[in-house]
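Chains, contacts and geometry: an overview
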Amino acid sequence: MRQLQLTKEEEKIFEGEMGDAPKLAIRLLYSLGELGEAERLIPIKSAHISGVSYKNVGEGGIEFLKKMMHKVSVPTSLNPLGFDIENGGPVDIDETFHKKQMEIIGIYQKMGVMDSFTCTPYYFYNEPSFGDHISWAESSAIIYVNSLIGARTNRESGPSALASAIIGKTPDSGLHRDEGRKATVVVNVAEKLDYTRFAALGLFLGPKLNRNIPIIKGQKEAKGIELKALSAALSATSSIPMFHVDGITKETSLVSDSPETINVEKSDIDETISKNSAQEEPELIAIGCPHLSSEELDYIARLVKGKKKVGPDLFLFTSREVKARSLESVKTIENFGGKVFSDTCMVVSPLSNNYSKTGTNSGKATFYLPLKGYGNQKVAFMGILDLLKWVIG
Amino acid sequence: MKGRGLSPGKATSDVVVCNQLISPLGEISRDGFVTSGPCENTNITGKVLAFKGGRGSTVGSYTFLELKTRNIAPTGLINEAAEQMVVTGAIISEIPMVDRVPLDVFLKGDRVSMNGSTGDVSILNVKERRVATVYLMHDGNLLLLKRSRDMPSYPGQIGGISGFIEEGETPEQTGRREMLEECSTEDAKLRKIGKEIYVRNDGNLYGITPMIMETRTAKVKLNEENSEFYWIKPGDLQSYKTVPKFQETFLSLLGRTGT
């Protein structure tokens, strides 16, 4: 099944003439090209790499990154890590974790990757345009840029996005072609959803749809941040790379000939929320998975302005750039008694070093945080207004 | 069985079958256990891990690398339908991987041998037998046969025209021979032949090549292998108790998914 044709230039890289790292990189792309039945590699405009937190990468990962040490050839942004580099936190880190984490960052810096440390690089740093071929990792960002921006990326893993960043190419398969972007399931949602209920919709649909691309109907007023919540929850619980929303996204004409239909009832969403919510007072309210936009920071600032925090800790997570552009809101939240961290989040930091009960409005965090040996949290999954009731006296 | 080879290497180990999607980040712990779903608390170290496919974090590839570095990795991976995060994990961790193998062919306690280059997967101590099954059509109707009470496999159940492929035979030749033996039908035309599917029956694994044939006559003369026959509308198939995977295979031959 050797269909993928390499150019003469690519053959040379494949044979190792450009060094070991490019050889490893192009061989990985070649194998994945065969998996996706690509006939060629195509140039990409950007890459985004996951696999930054030492909690996720581990020792094996560090050795792999050393083997892949090579300058990237396209603009490449980077996912969050285990702590806020400049300000410290959100939780206590031991010396080994800190050292290993900085070793990973050092390797990426030598490769020429941006210091973005965010899962929402599409707000700043790395903003793709409609139709761009890109090679991105980070499940929540992949599904967001495919769906809301109309850029084209497969569900790259950390290592394959890095391989693409080095080579500057990706296999021409799957989501890079119209055929791979077609909706195969129509999802009717009658009730108008908010941020948290969109996240719940993602948790509900992910295991049901498995890998099928849905077109969602009945949500013509959905906002970008709400669809960001859907993106993260849906892609945590499935391998879905994209969705369409009738009346909102730009490629809704891409639908397969005889799609199946799923009707989502209000009770489906209600049950998803109650099933995922431990009814215990959290020790920590964590918001910002995926990382918050300026709009979201401003919204939270308005809710807490002039008040004093009581009860659990309140941590918000965003990127350095968004934080720098929303300084006033950050100050308001800090005056309230909350903290705003950049570079990291509640999922990729070792949260269980300090906490065991966390409240969040993130469907993605609700999926990962309770897992034994990973997040080890009891999670209270609820809307932002309900979460803030714990901390507003 | 023939699957699709995705990551080179060979493995022979006991199989752990997890009928679930798995996010290697979080749903496989760093000490080699599945942490959620039907396989919760199952150790995968030194086993061939068979699961539906990957989901979730794109960092999941590194989980396999970490398990490999700690010498507690699975020896092989089998998926029904692979996606590239798990495949990447298998490749960089040098763990053999094959997909396009159904999970329901494995039973608890099976020992499996797999080759990640060729895609070959076999279950040790299980006899693999090749079978041809004919879905015979006439004038838009489908022929169903009720298997005799004294048939060694699936007695009394309803299926198509079916028989073991003998040495040197193609599946089509077997289909025609069985059609003649079981129904005295000679004149049928081959309309479609499908990919081999696999059905486990205790110590036997049947690799069944399905095909649709069309005959000009509704006349059927049974031999002793079957006790009754019916010509039915394909839409009525659901109301019959048929041999395993009979209905979904027919739908996939027609180009529809069986939902």
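Residues numbered from 1 in each chain as written. Chains lettered and ligands numbered in written order. Predicted model: local features only at pLDDT ≥ 70, side-chain atom pairs only at ≥ 80, totals over all residues.

1. A look at the overall build of chain B
Scanning chain B from terminus to terminus reveals five helices and 17 strands. If one aligns the C-alpha atoms of chain B with their principal axes, the spans along those axes are about 65 × 35 × 30 Å. Among the 259 residues that make up chain B, the fraction classed as buried is 44%. When contacts within chain B are restricted to residue pairs at least 6 apart in sequence, long-range pairs at least 24 apart make up 69% of them. (Helix = DSSP H or I, 4+ residues; strand = E, 2+ residues; numbered from the N terminus. Buried ≥ 20, exposed ≤ 12 C-beta atoms within 10 Å, placed from the backbone. Contact = placed C-beta atoms within 7 Å.)

2. Brief notes about the domain arrangement of chain A
All names here are of chain A. Taken domain by domain, chain A consists of domain 1 (8-178), domain 2 (182-272) and domain 3 (277-391). For domain 1 and domain 3, the distance between their C-alpha centres works out to 27 Å. For the side of domain 1 that touches domain 3, the residue count by class is twelve nonpolar, nine polar and three charged. (Domains from an automatic or database assignment. Nonpolar A, V, L, I, M, F, W, Y, C, P; charged D, E, K, R; others polar.)

3. Quick word on unusual backbone geometry
All names here are of chain A. Following Gly-89, the chain continues to Pro-90 via a peptide bond in cis, the omega torsion being 10 degrees. Mapped onto the elements, Pro-90 comes out in the loop between β3 (76-78) and α4 (95-111). Cis geometry is found at the peptide bond from Cys-289 to Pro-290, where omega equals 0 degrees. Mapped onto the secondary structure, Pro-290 falls in strand β10 (residues 284-292). Even without glycine at this site, Glu-138 takes up a positive phi of about 80 degrees. Residue placement: Glu-138 occurs in the loop between β4 (135-136) and α5 (139-149). Classification of Glu-138 by C-beta neighbours within 10 Å gives buried; the count is 33.

4. Description of the environment of Leu78(A)
Residue and element names in this part refer to chain A. Here Leu-78 shows up in strand β3. Under the C-beta neighbour-count criterion, Leu-78 is labelled buried, with 29 such atoms within 10 Å. Residues Leu-78 and Val-391 lie 313 residues apart in sequence; the distance between their C-alpha atoms is 32 Å. When residues no more than four places from it in sequence are discounted, the contact partners of Leu-78 are Ile-49, Val-52, Tyr-108, Val-113, Met-114, Ser-116 and Phe-117.

5. Concerning the interface of chain B and chain A
Across the contact, 32 residues belong to chain B and 36 residues belong to chain A. Those elements that provide at least two residues to the side of chain B that touches chain A are α1 (24-27), β5 (48-54), α2 (61-69) and α3 (84-93) of chain B. Across the side of chain B that touches chain A, the residue classes tally to eleven nonpolar, 14 polar and seven charged.

6. Digging into the sheet that holds β5(B)
Residue and element names in this part refer to chain B. Overall, mixed pairing links the seven strands, which are arranged β1-β7-β6-β5-β2-β8-β9 in an open sheet. The open sheet has two free edges, formed respectively by β1 (4-7) and β9 (121-123), since each of these has just one partner strand. Strand-to-strand, the axes of this sheet are offset by a mean angle of 35 degrees, without reference to chain direction. As paired strands, strand β2 (residues 10-22) and β5 are joined by six bridges and run parallel to one another. Each bridged residue has a counterpart across the sheet, and for Val-15 the counterpart in β5 is Val-48. Most of the contacts of α3 go to β1, to which it runs at about 60 degrees, and overall it touches β1, β5, β6 (76-79) and β7 (97-99). (Pairing = 2+ DSSP bridges. Axes fitted to C-alpha atoms, helices over the stretch in contact; angles between N-to-C directions.)

7. Some points on the domain arrangement of chain B
Residue and element names in this part refer to chain B. Parsing chain B into structural domains produces domain 1 (4-123) and domain 2 (127-253). The C-alpha centroid of domain 2 is placed 34 Å from the C-alpha centroid of domain 1. At the interface, six residues of domain 1 touch four residues of domain 2. Its residues assigned to classes, the side of domain 1 that touches domain 2 comprises four nonpolar, one polar and one charged.

8. Describing the sheet that holds strand β13 (residues 357-360) of chain A
Consider a sheet: its strands pair through backbone hydrogen bonds, and that pairing is either parallel or antiparallel. All names here are of chain A. Sheet architecture is open: five strands sit in the order β12-β11-β10-β13-β14, paired in parallel fashion. A strand with exactly one partner marks an edge of an open sheet, and here the two such strands are β12 (339-342) and β14 (378-381). Here the average twist between neighbouring strands, direction ignored, is 25 degrees. Bridging between β10 and β13 involves two bridges; their strand directions are parallel. Its bridge partner lying in β13, Leu-284 is registered against Thr-358.

9. Here we look at helix α4 (residues 171-183) of chain B
Residues and elements named next belong to chain B. Under the 1.5 Å per step criterion, the end-to-end length of α4 is 17 Å for 13 residues, consistent within 8% with the ideal 18 Å. Every buried residue belonging to α4 is among Pro-171, Thr-174, Gly-175, Arg-176, Glu-178, Met-179, Glu-182 and Cys-183, and all of these are buried. Buried residues in α4 make contact with β10 (127-138), β11 (141-147), β13 (161-164), β14 (189-193), β16 (204-214) and β17 (226-232). The first or second residue beyond α4 is Ser-184, which carries a positive phi of 60 degrees. (Expected span 1.5 Å × (residues − 1).)

10. A word on the packing of helix α2 (residues 20-35) of chain A against helix α6 (residues 158-167) of chain A
Residue and element names in this part refer to chain A. Two elements in contact, α2 and α6, have axes separated by 9 Å at closest approach and are oriented at 120 degrees. Overall, the two elements α2 and α6 adopt an arrangement that is oblique. You can see that α2 and α6 cross each other, and the crossing is left-handed. Note on element contacts: α6 touches α2 through Pro-159, Ser-160, Ala-163, Ser-164, Ile-166 and Ile-167, opposite Ala-21, Pro-22, Ala-25, Ile-26, Leu-28, Leu-29 and Leu-32. Partitioning the contact of α2 with α6 into residue classes produces eleven nonpolar, two polar and no charged. (Parallel < 35°, antiparallel > 145°, perpendicular 65-115°, else oblique. Left-handed = near helix turned anticlockwise from the far one by under 90°.)

11. Some thoughts on the pairing of β11(B)
Residues and elements named next belong to chain B. Pairing of β10 with β11 involves two bridges; the strand directions are antiparallel. Residue Met-137 lies in a different strand from β11, and its bridge partner there is Leu-142. Count of turn residues in the β10/β11 antiparallel hairpin: two residues, of which Asp-139 carries a positive phi of about 55 degrees. Where β11 lies against β17, six bridges are found, and the strand directions are antiparallel. Paired with Leu-142 across the two strands is Ile-232, which belongs to β17. Relative to strand β12 (residues 158-159), β11 runs antiparallel, the two being bridged by two bridges.

12. Things to note about the packing of α2(B) against α3(B)
Residue and element names in this part refer to chain B. One can describe the packing of α2 onto α3 by two numbers: an axis separation of 7 Å at closest approach and a directional angle of 30 degrees. With respect to α3, the element α2 is oriented roughly parallel. For the crossing formed where α2 meets α3, the hand is right-handed. Along the contact surface, α2 presents Ser-61, Thr-63, Phe-64, Leu-65 and Lys-68, while α3 presents Met-85, Thr-88, Gly-89, Ala-90, Ile-92 and Ser-93. Counted by class, the contact of α2 with α3 contains five nonpolar, five polar and one charged residues.

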